[in-house]
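Notes for the structure review
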Amino acid sequence: MTEENLKVAVRVRPFNDREKNAKSKLIVQMAGNQTIITNPKTNEEKKYAYDFSYWSHDGFKVDASGYSVPENSKYADQQKVFNDLGSGILKNAWEGYNASLFAYGQTGSGKSYSVIGYGANKGIVPITCEEIFKKADSMKGSDKTVECTFSMLEIYSEMVRDLLGSKAERKTGMQVREDPKIGFYAQGQKKILVDSYDDITKLMDEGNSNRTIAATNMNATSSRAHTIVTVNLVQKYKNEAGKEMAKSSMINLVDLAGSERADATGATGDRLKEGAAINLSLTSLGNVISALADNSAGKNVKVPYRDSVLTKLLMNALGGNSKTIMIAAISPADINFDESVSTLRYADRAKQIKTKAMINEDPTEKLIKELREENAKLKKMLESGGKIDPALLNGTEDNDAEEEALRKQLAENDKAMKSMQQTYEEKLAEAKSMTENLRSTKIHEQAKTIPHLRNVNMDPSLSGTIIYLIEGEGLKKVGSGADSQVKLKGIGILESHATITSTGGKFKIERHNDAKVLRNGKPLTVPSDLVHLDRLLFGTSQYYIFIEPSKATPKDPQATFESMQDEIAKAAGLISKDNKNMTQEEIQCQSELIDLIPHIEEANAISIALDKKVIFTALPVSADARGDYDGKFRVFVSVKNFALGLEWIWTKEKFLNRKSEIVEIYNDLKDDQVIQQEKYKKYDPFYESPDTPTLVGSAMVFPKSFAYMLTSKGDYKILSLKSKEAGLLNVEIIPCNGQGKPLTEAIQIRDPKTELLNKTVTFLITINEIKNLSEKYEDIYCQFQLFGDKTLYKTNVIKGGKDNSFKYSKQFTFIATEQLLDFLMNKCLYIQIWSEQKHAKPDPVASKITTKEYFDREKELKTTCISGKVVINHLLDPEKQKLKDDLNIALIKNQQNETILNNIYKLMHSAGKSPISRETLNKIINAKNDAEVQAILAEYAKNNNVPGKERPTSASSISSVDSEYKGRRGHNKSQACNIL
Ligand SMILES: Nc1ncnc2c1ncn2[C@@H]1O[C@H](COP(=O)(O)OP(=O)(O)OP(=O)(O)O)[C@@H](O)[C@H]1O
């Protein structure tokens, strides 16, 4: 037995297009086995030492075959990585040890590049397999034989699918069982005997294409599954006594799904609460790694392997009988700093794990022998004509249930045995016929000359795996219908979605009804030309490029999933066309937004299909609105149920979890699975109880006066997550004496930085009352942290409405360090407002409107100018949303403009805020176009002194807040005295 630490390698890749566009800075350096990462904000460096640090960022050139050749000794190419990592794995395997390699890192960080590889840059799996057969071939003629089996599975949403299994098998998935000797295994997994490298490549292609099918049936954006490739090597030889011996070893090569889903920033808690399985695996893997590292350091903690399917299947690789290597892939760019640091930390922890590997003496045959013995026993029991020998039943009574269980066990054993014993010829024949049937190989050949559509997937290794030839003259149908030539599945794909016509070497594309087709980022409304390299999006998730091989040149740009998303987001005006004047935070937020949009579209498409009355919208939220000192924008998702009049704001992580459940339910409902429908009734991922407290927004309190030992007091604006004023919060920060009593006499402080430095300061924070908060909120409380302090302070919960005073006071004593003084002078104290929403009854009118109708109208309101919209834009902010909803509903119900405007008029009057007279309204109703409406409104505003967009605030302290924000000293007349 050998005990050794898990080997850890880190690899940094070149900048990708998005990072280049964002003019990213390089923040990773490597020296020897060290990886150094610089925090782009603080310029602080962090050093980590691993077994290997691979620099693959620059210093290479691409040769004619496409292989990246090193230009200097620093650059680590695929061969170097294989020599260090892969060859060790191989050596161990020949010696009879189990060996495992797993790749960890955020999506797109280069895991698949290292493990599988792209084109000429073959990764560890293909090179390892190639080497196995080189060696096996060299053994031919000797009395040693080598048998090699190949298997490939994927774990998606706690379901284990055999990527080499039949379609039906993949659909049902496999059970994970535990064997006392070999540990956990996927029952019935196909282990295909292979005798050449060629067999393996074909099987890998097949496995990959099955992944593709799974991915396209669901959606291109579904979070990727974990893929585990297992190569079993059995070497047979005779020992000195002439007895047949076998040495076996298992090589596990694991390509994990993107690690950002295991992000610790609040997502984990949410995720665990939601119980979303996709993310469970990586969270569990983190816990397993932590526990193993603790145990290696002498602690005795339980390793939670059983928490997820992934950790069960990796149990041997991580803590058991295996020599293991982890490769952690990172991005070189500043915009990915957080993710990269988290990967480096993970890797740092993993390197402390010790594994204990043993040489295996043919456990497979032993297992078969044992199963055979057990079966013989079981058969004997059953053959005794139902009368089972009580002695065989371990003393239990003979009964039907027992017999049933035995029969079941027998059948399972039989199945397991069959799958293990399938003969070489059978397996190979199966593999060959399966691979030969692979339509794709033939089609890929034809695609070299025939115009075609080629898929683009979020996972670049799946791009280009689906091809639809647009052959000959005439018409090709695109859609989910059985008669379609371009047969697409997925959300938002209609039976008859579009047609592509080819006449005399020219192509045209036309959409059907209101099917969603985007061409080069823009909605396709009229029949358009289709030309070489056109990018197409069908529905919400089917991304394709049109290729005309006769027009192709080596310089053709490669459209990627990211570039297509960027293009769509730019065309929709969701992101700015250039990012010259944007801060890093804004660029980061923008890229998060682009990544999120396809998911949002998908969730909306399902909401429409299931008529859930829910609309999802991406919402970038500033640090000020979130009340977070990190200064970052974060993308949230607004989830609005228009029938119930409720709106939730979810974190991106929570939304993605819910979305995967939404997709799952949608697929299940489509398959009409009764059980799933039951589950769906019990739990609805579109819904959240109004009783769940949500963040309404934050008040920014400026403590600058306090630095001068003056009370700072005022009504501070509450900024909602939508960056609107949501109300006012009355807060006081009162300087106190050493006994904690408010100061009663004034003290003069001219320069806090010198006069207060290192003195003890005591102050009282009092949160008085909340004003003007919308009536839909109830059970409101405030929550805050002081800058640099982790403790969370919460006020009592108030009902809202009339009862709006917290009467919360808390005293703090601090040493006035430079940081504290800096905070008091220049920063603000965030006080978050949390609240529940009032339960609402479904609105009978809104409930009759379908989600599709609402959604279309909502879109129209955004894109086209209608009189109603102009009026609404003229209204004061807080009323806008409600009026917009009313208008929406009215428009959908096909009411005439007059009725709509009447409603608005009534509403405005009931709110006492009408800036428009009835007479003006009549003029608007009769206006011919929007320009005319604008003119009427402008004239009315001029004659009537209508206030501008900004809501006038009665509280004069707002202006004092603003002036303090600009850095000027407030003029609060407060008491102060010298207590220091
Ligand atoms: N060392 C490298 N040299 C050159 N290109 C690389 C390297 N590593 C990664 N890339 C490129 O970066 C892109 C993303 O890499 P890859 O697909 O391996 O990421 P991943 O971590 O497996 O992502 P996912 O989790 O989505 O599967 C690919 O286009 C790949 O070719």
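Residues numbered from 1 in each chain as written. Predicted model: local features only at pLDDT ≥ 70, side-chain atom pairs only at ≥ 80, totals over all residues. Heavy atoms only, no water.

**Observations regarding the overall build of the chain**
For the record, the criterion: Strands here are runs of E lasting at least two residues and helices are runs of H or I lasting at least four, both read from the DSSP assignment and numbered beginning at the N terminus. We call two residues contacting when some pair of their heavy atoms lies within 4.5 Å. For the area figures, the Shrake-Rupley method with a 1.4 Å probe applies, and any residue is considered shielded solely by the protein chains shown.
Across its full length, the chain holds 31 helices and 42 strands. Sequence-distant contacts, at least 24 apart, represent 66% of the contacts inside the chain between residues at least 6 apart. Accessible surface, the chain as shown: approximately 45,900 Å² in total, 51% of it carbon and sulfur.

**With respect to the packing of helix α16 (residues 561-571) against helix α17 (residues 584-609)**
Operational definition: To define axes, lines are fitted to C-alpha atoms, for helices over the stretch in contact only, and angles between the resulting N-to-C directions are given on a 0 to 180 degree scale. By definition in this entry, angles of less than 35 degrees are roughly parallel, angles greater than 145 are roughly antiparallel, angles of 65 to 115 are roughly perpendicular, and the rest are oblique. Residue type decides the class: Asp, Glu, Lys and Arg count as charged, Ala, Val, Leu, Ile, Met, Phe, Trp, Tyr, Cys and Pro as nonpolar, and the leftover types, Gly among them, as polar.
Between α16 and α17, the shortest axis-to-axis distance is 9 Å and the interhelical angle comes to 90°. The orientation of α16 relative to α17 falls into the category roughly perpendicular. Taking contact as the criterion, the partners of Q565, D566 and A569 in α16 are, on α17, I594, D595 and P598. Here the contact of α16 with α17 is built from residues that sort into three nonpolar, one polar and two charged.

**A word on unusual backbone geometry**
Basically, it comes down to this: The classification of residues rests on relative accessible area computed with a 1.4 Å probe and restricted to protein chains. Under 20% of the type maximum is buried, over 50% is exposed, and intermediate values are partly exposed.
If you check the backbone angles, K613 has positive phi at about 60° while not being a glycine. Among the secondary structure elements, K613 is positioned in the loop between α17 and β32 (614-621). Owing to a relative accessible area of 13%, K613 belongs among the buried residues under this scheme. Although it is not a glycine, M709 adopts a positive phi angle of roughly 60°. Tracing the backbone through its elements, the reader meets M709 in the loop between α21 (704-707) and β36 (712-720). For M709, a relative accessible area of 1% gives the class buried.

**Comments concerning α17**
Going by this rule: Helix span, expected: 1.5 Å multiplied by one less than the number of residues in the helix. Fitting one axis to the seven residues ending at a residue and another to the seven starting there, the bend at that residue is the angle between the two axes.
The first and last C-alpha atoms of α17 sit 38 Å apart over 26 residues, in line with the 38 Å expected at 1.5 Å per residue. Its axis deflected by about 35° at L596, α17 carries its strongest bend there, up to four residues before the proline P598. The buried fraction of α17 is high, at 19 of 26 residues. At the exit of α17 stands D611, carrying a positive phi of roughly 50°.

**Re the sheet that holds strand β3 (residues 28-31)**
Our working rule: In this analysis, strands are considered paired if DSSP registers two or more bridges between them.
The sheet built from three strands is open, its strands ordered β3-β4-β5 with antiparallel pairing. Across the chains shown, the open sheet's two edge strands, defined by having one partner strand only, are β3 and β5 (45-49). Pairwise comparison of adjacent strand axes, ignoring direction, gives a mean angle of 20° for this sheet. Pairing of β3 with strand β4 (residues 34-38), which is carried by four bridges, proceeds in the antiparallel orientation. Considered in β4, the bridge of A31 is made with Q34.

**Re the UniProt feature "binding site: ATP" (unreviewed entry) in the chain**
Note the cut-off: UniProt positions are given in the numbering used here, feature names are shortened, and annotations may be inferred rather than shown by experiment.
In the numbering adopted here, UniProt assigns the feature "binding site: ATP" (unreviewed entry) to G105, Q106, T107, G108, S109, G110, K111 and S112. As for its placement among the helices and strands, G108 is situated in the loop between β9 (99-105) and α3 (111-115). Of the residues examined, G108 reaches a relative accessible area of 47% and is grouped as partly exposed. Take G110: it is sitting in the loop between β9 and α3. Judged by relative accessible area, G110 falls into the buried class, the value being 18%.

**Details of the pairing of β5**
Examined bridge by bridge, β4 and β5 share five bridges and lie antiparallel to one another. Of the residues in β5, the one forming a bridge with Q34 is A49. Where β4 folds back onto β5 in an antiparallel hairpin, the turn is made up of six residues, including N43, whose phi is positive at roughly 65°.

**Overview of the pattern of salt bridges**
To keep it simple, the criterion reads: Salt bridges are defined by distance alone: a side-chain nitrogen of Lys or Arg within 4 Å of a carboxyl oxygen of Asp or Glu.
Here the structure, examined in full by the defined rule, presents 31 salt bridges. A salt bridge links K722 to E647; the nearest nitrogen and oxygen atoms lie 2.6 Å apart. Highlighted residues: K722 in the loop between β36 and β37 (725-736) and E647 in strand β34 (residues 646-651), separated in sequence by 75 residues. Overlapping salt bridges bring together R626, D628, D630 and R634 as one network.

**Observations regarding the packing of aromatic side chains**
Defined as follows: By convention, a stacked pair of Phe, Tyr or Trp rings (six-membered ring in the case of Trp) has centres within 6.5 Å and planes under 30 degrees apart, an edge-to-face pair has planes over 60 apart, and any other such pair is tilted. Here, over-ring charges are defined by two tests on the NZ atom of lysine or the CZ atom of arginine: distance to the ring centre within 6 Å, and angle to the ring normal within 35 degrees.
All chains considered together, the criterion is met by 24 aromatic pairs. Plain terms: the ring middles of Y468 and Y544 are 6.0 Å apart, the flat faces sit at 50° to each other, and that makes the pair tilted. With Y468 in strand β22 (residues 467-469) and Y544 in strand β31 (residues 542-547), this residue pair connects regions lying 76 residues apart in the sequence. Considered together, Y468 and Y544 belong to a single accessibility category, that of buried residues. One aromatic cluster is present, built from ring pairs that chain together F706, F763, F784, Y793, Y808, F812 and F814. Of note, K74 hangs over the ring of W55, and the distance from its end group to the ring centre comes to 3.9 Å. Sitting above the plane of the Y97 ring, K323 keeps its charged end 4.4 Å from the centroid.

**A short note on the pairing of β37**
With eleven of its twelve residues buried, β37 lies for the most part within the structure. Inspection of the sheet shows β36 paired to β37 by eight bridges, in the antiparallel sense. The residue of β37 that forms the bridge with L719 is E725. Counted between consecutive antiparallel strands, the loop separating β36 from β37 contains four residues, among which S723 sits at a positive phi close to 65°. Pairing geometry for β37 and strand β38 (residues 760-771), over eight bridges, is antiparallel. Opposite L728, over in β38, you have K771 as the bridge partner.

**Here's the deal with the nonpolar core**
Cut-off, in case you're wondering: Nonpolar cores were defined as sets of buried Ala, Val, Leu, Ile, Met, Phe, Trp, Tyr and Cys residues, with membership established by side-chain atoms within 4.5 Å.
Formed by 48 residues in total, the largest nonpolar core has its most connected members in L285 and M326. Considering every element that reaches this core, the biggest residue donor is helix α8 (residues 277-296), with seven residues. Leave out the neighbours within four places in its chain, and L285 touches F102, L256, L310, T311, L314, L318 and Y346. V696, V761, C782 and L824 belong to the second largest nonpolar core, which has 47 residues in total.

**Quick look at helix α2 (residues 78-95)**
The end-to-end C-alpha separation of α2 is 24 Å, in line with the 26 Å expected for 18 residues at 1.5 Å each. Turning to α2, its buried residues number three or more, namely Q78, V81, F82, L85, G86, I89, L90, N92, A93 and W94. Phi for G96, located one or two positions after α2, is positive at around 100°.

**Comments concerning the environment of Q837**
Assignment of secondary structure puts Q837 in strand β42 (residues 829-837). Taking the C-alpha atoms as reference points, Q837 and W648, separated by 189 residues in sequence, lie 9.1 Å from one another. Each residue touching Q837, except ones within four places of it in the same chain, is listed here: L646, E647, W648, P690, K776 and E778.

**Notes on the sheet that holds β38**
Taken in spatial order, the eight strands make up an open sheet running β40-β39-β42-β35-β36-β37-β38-β41, and their pairing is antiparallel. Two strands close off the open sheet at either side, each with one partner strand: β40 (793-794) and β41 (805-815).

**A word on the side chain of S100**
Along the chain, S100 falls in strand β9. Dropping the residues within four chain positions of it, S100 is found in contact with I89, N252, A317, S322, K323, T324 and I325.

**Side note on the side chain of S340**
Using the following cut-off: As used in this structure description, the phrase polar contact means that two N or O atoms lie within 3.5 Å; if the pair is within protein, one of them must be able to donate a hydrogen and the other to accept it, and residues adjacent in sequence are counted only when both atoms belong to side chains.
With respect to the element layout, S340 can be found in helix α11 (residues 337-350). Classification of S340 by relative accessible area gives buried; the value is 1%. Here the side chain of S340 touches S331 through a polar contact of 3.5 Å, landing on its backbone oxygen. The contact partners of S340, leaving out residues within four places of it in the chain, are I37, Q106, I330 and S331.

**Description of the state of the cysteines**
Rules: The rule for a disulfide is simple: a pair of cysteine sulfur atoms within 2.5 Å.
Counting across every chain of the model gives zero disulfides. Here C148 is not cross-linked by a disulfide; its sulfur's nearest cysteine counterpart is in C129, at 6.8 Å. Judged by its relative accessible area of 2%, C148 is buried.

**A look at the confidence of the model for the chain**
Cut-off, in case you're wondering: Predictor confidence is given residue by residue as pLDDT, running from a minimum of 0 to a maximum of 100.
Summary statistics for the chain give a mean pLDDT of 76 and a share of 72% for residues scoring 70 or more. Residue range residues 861-879 is modelled with pLDDT below 50. Its contacts to residues more than four positions away, or to other chains, number 46 contacts.

**Observations concerning the environment of D822**
One can find D822 in helix α23 (residues 818-826). Separated by 69 residues in the primary sequence, D822 and K753 place their C-alpha atoms 8.1 Å from one another. Those residues in contact with D822, other than ones at most four positions away along the chain, are K753 and K827.

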